[in-house]
Every structure is written in C-alpha cells, then in structure tokens.
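Single-letter residue listing:
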Amino acid sequence: MVMLEVVPVPVLTDNYVWLIHDSKSGETATVDPSVAEPVLAAVEAKGWQLSEVLNTHWHPDHTGGNAAIQSATGSPIIAPAEAERVSKVDRVVAEGDRVRVCGAEALVWDIPAHTAGHIAYYFENEGMIFVGDTMFAMGCGRLFEGTAQQMYANLQRIAALPGDIRIYCGHEYTLANARFAADAEPNNAAILARLKKVEALRASGDVTLPTTVAEERETNPFVRATNWEEFARLRSEKDSFRS
Ligand SMILES: [Zn+2]
C-alpha cells in the first residue's frame, strides 16, 4: 500500500477534478479534468507533474480538459471506450482491467446508467474509489443512458465495499442531496445530523467529499432503497424536487 495524497480542484459550477499524488514515485494522476488550465495550475502550485489522465465517462464536463492536458504534459488518457466520442484515448479500459497509477493499482468496474459506458476506478489497497457521476454523497447520478435497475445494482455494488472505503464523486451536490434525503426519510437521525454538518461546511465554502461507504449506507436514500422499484421512485422524485 502506498500513501497517496488526493486533492480536489473545484472547477466550473460544481465539478471536482481530482488529483492523486504519490510522493515516492512523484507520479500524479488526474481524474475527470473538465478543463485544463485550473488543473495544470493546481498541479504546478503543488510542484507536481502530471503523469496520467483517468476518465470515468464521456461527458464533456469530465473530459473537456483531456486534449489540452495531453498536449501540455504528454500524459496518456485512460478511459472507457465511450470517451473516444469526444477525445483521443490512449488506453481503453473496462470491467476487470487493472490500471497502475501513482505506484498503486486500480481495478476498473463497469457501472453503466448515468452513461452507457461509465466506469469506476477502485484502489482496493488504498481504500478509495472514484465513481464519477454514479454515486454522490447522499445521492446518485441521473439516468441518461441506462436504467433504474442498472443504477440500483451499481449503488449496491459500491455499498457492499468495506465501510471505511472513501468515495470520490464528480460534483459538489451534497447539500441539495441532503435536503432531498431529509425529505425522503424525515425520521432518519443520521440524515438530519449530516444535513446540519453539510450546511455548515457549505456555508464556509468547504468541500464535503470524499464520503465513505459507511456514511452512504446510513444517509443515502438511493442506497437504502430495498429494491430497484423503490430506487426508481426516489430517482424520479429527486428529478423534480425543489429544495
Ligand atoms: Zn456526467
């Protein structure tokens, strides 16, 4: 196991681009660079050098910086096949593939639904998973290219990991998700306590991520749904929920 430093680069309205750094090898990977400039600036401010780009799905707010980062740094782009729609990909990965970055190894999971080819990078030994727009703190991604059954299965797969696994998501949606969660489960004390905590964090402009598998099991109504039909009902309620 290597000690990796993981830092968010907040970009656009509410995206997080993640930097993963290994001080021993000096390698730095970035996950889902929406844009290039702020990511390159953050890397430079740290005195690091980018070595890889990882994408979880093709959406432009996750891949928009690929080309400029690749030409500025020569970093190879590792991505699901669907990302080739918008960007050159150096290595296409899918379920069961292993990716070595920053002296560590990530296992690739296929988790389709938000997009048809969405993947996650699970760093088992480092206790962390990058889930893109599939799971959010207290919420989950919209179903643009898949079904409620698929998304429910993805969430259950992530929730079955050990409780202390850290989950890195693609957006700061936690406050809106927490308000929906409190509405969906008004008697869940863990949700109400987390809503208060998240309100305080956001009031001071702090990042609410990463979350953990244990926290999501307690406070994420989409994870807590007992079957995909219940999940589907929550997902459509959330689509029209105004907090
Ligand atoms: Zn997306």
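Here, every reference points to the structure presented above.
Everything quoted here is computed from the prediction, not taken from an experiment.

Q: Can you help me understand the side chain of Thr219 in this one?
A: With respect to the helices and strands, the residue Thr219 is situated in helix α7 (residues 213-219). You can call Thr219 buried: its relative accessible area is 3%. Of note is the side chain of Thr219, whose polar atom sits 2.7 Å from the backbone oxygen of Glu215.

Q: Looking at this structure, I do not really get the coordination of the zinc ion. What am I missing?
A: Reference values for coordination geometry: four tetrahedral donors around a metal ideally subtend 109.5 degrees, six octahedral donors ideally subtend 90 or 180 degrees. Protein coordination at the zinc ion comes from His57 (NE2), His59 (ND1), His114 (NE2) and Asp133 (OD), with a distance range of 2.2 to 2.3 Å. Here the zinc ion is ringed by 4 donor atoms whose angles at the metal span 89 to 170°, and the overall shape comes out irregular. Given the relative accessible area of 0%, His57 is considered buried.

Q: It is not clear to me how empty space enclosed by the protein should be interpreted in this structure. Could you clarify?
A: The rolling of a water-molecule-sized probe over the atoms marks out the regions of remaining empty space. Per the counting criterion, the structure on display carries 1 cavity of 30 Å³ or more. Space inside the largest cavity adds up to approximately 40 Å³. For the largest cavity, the full set of lining residues is Tyr16, Trp18, Val31, Asp32, Phe130, Gly132, Tyr168, Cys169 and Gly170. Those elements giving two or more residues to the lining of the largest cavity turn out to be β2 (15-22), β10 (128-132) and β13 (166-169). Grouping the amino acids of the lining of the largest cavity by side-chain chemistry returns 6 nonpolar, 2 polar and 1 charged.

Q: It is not clear to me how the sheet that holds β10 should be interpreted in this structure. Could you clarify?
A: With mixed pairing, 6 strands are arranged side by side in an open sheet as β7-β8-β9-β10-β13-β14. Two strands bound the open sheet, and with one partner strand each, they are β7 (98-101) and β14 (211-212). Relative to β10, strand β9 (residues 119-123) runs antiparallel, the two being bridged by 3 bridges. When the bridges of β10 are listed, Tyr122 appears paired with Ile129. The strands touched by helix α4 (residues 148-159) are β8 (104-110), β10 and β13; relative to β8, the strand with the most contacts, the crossing angle is about 150°.

Q: Would you take a moment to explain unusual backbone geometry for this structure?
A: Of all residues except glycine, most have a negative phi; of all peptide bonds, most are trans. A cis amide bond links Leu209 to the next residue, Pro210, at an omega of 0°. Summarising the element assignment, Pro210 is placed in the loop between α6 (189-203) and β14. A positive phi angle, near 50°, is found at Leu12, a position not held by glycine. Topologically, Leu12 is positioned in the loop between β1 (4-11) and β2. For Leu12, a relative accessible area of 54% gives the class exposed. In this structure, Asp32 is a non-glycine residue whose phi angle is positive, near 60°. The topology assignment puts Asp32 in the loop between β3 (28-31) and α1 (37-45).

Q: Looking at this structure, I do not really get the side chain of Thr56. What am I missing?
A: Following the sequence through the fold, Thr56 ends up in the loop between β4 (52-54) and α2 (60-63). Within polar-contact distance, the side chain of Thr56 engages the side chain of Asp32 at 2.6 Å. Engagement of the side chain of Thr56 in a polar contact is seen with the side chain of His57, the distance being 2.9 Å. In contact with Thr56, other than residues within four places in its own chain, are Val31, Asp32, His62, Pro80, Gly117, His118, Ile119, Tyr121, Phe130 and Gly132.

Q: Teacher, can you tell me more about the packing of helix α5 (residues 174-184) against α6 here?
A: In helix packing, the relevant descriptors are the interaxial angle and the interaxial distance, both defined with respect to the helix axes. Across the interface, α5 lies against α6 with an axial gap of 9 Å and an inter-helix angle of 155°. Here α6 runs roughly antiparallel to α5, going by the angle between their axes. Relative to α6, the crossing made by α5 is left-handed. Contact residues: α5 offers Thr174, Leu175, Ala178, Arg179, Ala181 and Ala182, while α6 offers Ile191, Leu192, Leu195, Val198, Glu199 and Arg202. Residue composition of the contact of α5 with α6, by class: 8 nonpolar, 1 polar and 3 charged.

Conventions we followed
- Residues numbered from 1 in each chain as written.
- Predicted model: local features only at pLDDT ≥ 70, side-chain atom pairs only at ≥ 80, totals over all residues.
- Heavy atoms only, no water.
- Helix = DSSP H or I, 4+ residues; strand = E, 2+ residues; numbered from the N terminus.
- Buried < 20%, exposed > 50% of the residue type's maximum accessible area, 1.4 Å probe, protein only.
- Polar contact = N/O pair within 3.5 Å; in protein donor to acceptor, adjacent residues only side chain to side chain.
- Donors = N, O, S within 2.8 Å, 3.2 Å for Na, K, Ca; no water.
- Tetrahedral: all angles 85-135°; square planar, octahedral: opposite > 155°, others 65-115°.
- 1 Å grid on protein atoms, 1.4 Å probe; cavity = no way out; pocket = protein on both sides within 12 Å on 5 of 7 lines; lining within 4 Å.
- Points joined across faces, edges and corners; volume = space filled by probe spheres on them.
- Nonpolar A, V, L, I, M, F, W, Y, C, P; charged D, E, K, R; others polar.
- Pairing = 2+ DSSP bridges.
- Contact = heavy atoms within 4.5 Å.
- Axes fitted to C-alpha atoms, helices over the stretch in contact; angles between N-to-C directions.
- Parallel < 35°, antiparallel > 145°, perpendicular 65-115°, else oblique.
- Left-handed = near helix turned anticlockwise from the far one by under 90°.

Spatial relationships are all this shows, so hold off on functional conclusions.
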